[in-house]
Amino acid sequence: MFERFTRDARAIVGQAENEARGAGARSIEAEHLLLALARGGPPALAAAGLDHEALLAALEAEEAASLGAVGIDAHAFALPAPAPTVGRLRFGSSARAALERAVRAATRQRDGRLEARHVLLGVLAADGGKVPRTLELAGVDRDRLRAAV
Amino acid sequence: MDTATSTPPSPADALAAVAALRRLADRVEDDAVARALAEGWTWSQIAEAIGVTRQAVHKKHARRQPKGD
């Protein structure tokens, strides 16, 4: 799948694994790709106010809101910060879907090269899940952001 | 929260809650297993308390623990 990826796009995927590992996640998900993109990826993200720190806060707010919808207060559990995940991480379904959309977006280009902005487009085009919910809660206009990429 | 009178969450909100609950359950489990091991529990005791096989709990958590086995 990664043959057409530029060096920058590959770096995003590698950084997404670091983001997932650091968060103690069991798999690499679309939000980890977005966090990687927020560290010096396409400028459209930062222009929308989504630097890495802001995005982390927005993802946490969405998690708390989702748990709150079923009456769970995440802060009621005195949990330590998650330990980094050990061993190799697999791609979860949301990241796989985002990368597949990135590949499709790149094949519409003349040279077919997959750049970091295609990864961002793939992440932003999700129908549902953590990323669209987080962006909506944070007041980010996803269509506008996609148009700016 | 007054669950008797509140309206149920929309399917989208409920499904997002399921995903978040799974992540929360993993974190609670990681923390509880680490503390149980520190208190001297065996893998068999931990497995029985969670309701999974010893092999399953060992496979999931052994790598995370400083002592390994």
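Small disclaimer: the values here were computed from a predicted structure and weren't measured.

### Comments concerning the confidence of the model for chain A
- The pLDDT averaged across chain A works out to 93; a share of 100% of its residues lies at or above 70.
- Ranking the elements of chain A by mean pLDDT puts helix α3 (residues 43-47) of chain A last, at 91, and helix α2 (residues 30-37) of chain A first, at 98.

### Side note on the pattern of salt bridges
- For the coordinates displayed, the defined rule picks out 13 salt bridges over all chains.
- With its nearest N and O atoms 2.8 Å apart, the salt bridge here joins E62(A) to K130(A). Of this pair, E62(A) sits in helix α4 (residues 52-68) while K130(A) sits in helix α7 (residues 130-137), placing them 68 residues apart in sequence. Here the two residues E62(A) and K130(A) agree in accessibility, since each one is buried.
- Two residues, R133(A) and D13(B), come together in a salt bridge whose shortest N-O distance is 3.1 Å. Residue R133(A) is found in helix α7, and its partner D13(B) is found in helix α1 (residues 11-38); the two belong to separate chains.
- Residue R133(A) is classed as partly exposed on the basis of its relative accessible area of 22%.

### Observations regarding the nonpolar core
All names here are of chain A.
- Of all hydrophobic cores here, the largest spans 36 residues; its most connected members are L33, L34, L37, L45, V119 and V123.
- Elements with a contribution of two residues or more to this core: α1 (7-22), α2, α3, α4, α5 (93-107), α6 (116-124) and α7.
- At six residues, the largest contribution of residues to this core is made by α2.

### Quick notes on the interface of chain B and chain A
- Counting residues at the interface gives 18 residues for chain B and 22 residues for chain A.
- The junction of chain B with chain A conceals about 1700 Å² of combined surface from both sides, 60% of it contributed by carbon and sulfur atoms.
- The three residues of chain B that bury the most area against chain A are L24(B), R27(B) and R64(B), which together make up 30% of that side's buried surface.
- Run the count over chain B and chain A and you get four salt bridges.
- The interface formed by chain B and chain A holds five residue pairs in polar contact (both at pLDDT 80 or more) in total.
- Top contributing element to the side of chain B that touches chain A by residue count: α1(B), with 13 residues.
- Classifying every residue of the side of chain B that touches chain A gives nine nonpolar, no polar and nine charged.

### Examining the side chain of H52(A)
Residue and element names in this part refer to chain A.
- Within the secondary structure, H52 sits in helix α4.
- Reaching out from H52, the side chain makes a polar contact with the side chain of R39 at a distance of 3.2 Å.
- Setting aside its immediate chain neighbours within four residues, H52 contacts E19, L35, A38 and R39.

Cut-offs applied
Residues numbered from 1 in each chain as written. Chains lettered and ligands numbered in written order. Predicted model: local features only at pLDDT ≥ 70, side-chain atom pairs only at ≥ 80, totals over all residues. Heavy atoms only, no water. pLDDT = per-residue confidence, 0-100. Helix = DSSP H or I, 4+ residues; strand = E, 2+ residues; numbered from the N terminus. Salt bridge = Lys/Arg side-chain N within 4 Å of Asp/Glu carboxyl O. Buried < 20%, exposed > 50% of the residue type's maximum accessible area, 1.4 Å probe, protein only. Core = buried A, V, L, I, M, F, W, Y, C linked by side-chain atoms within 4.5 Å. Contact = heavy atoms within 4.5 Å. Buried area = accessible area lost by both parts, 1.4 Å probe. Polar contact = N/O pair within 3.5 Å; in protein donor to acceptor, adjacent residues only side chain to side chain. Nonpolar A, V, L, I, M, F, W, Y, C, P; charged D, E, K, R; others polar.

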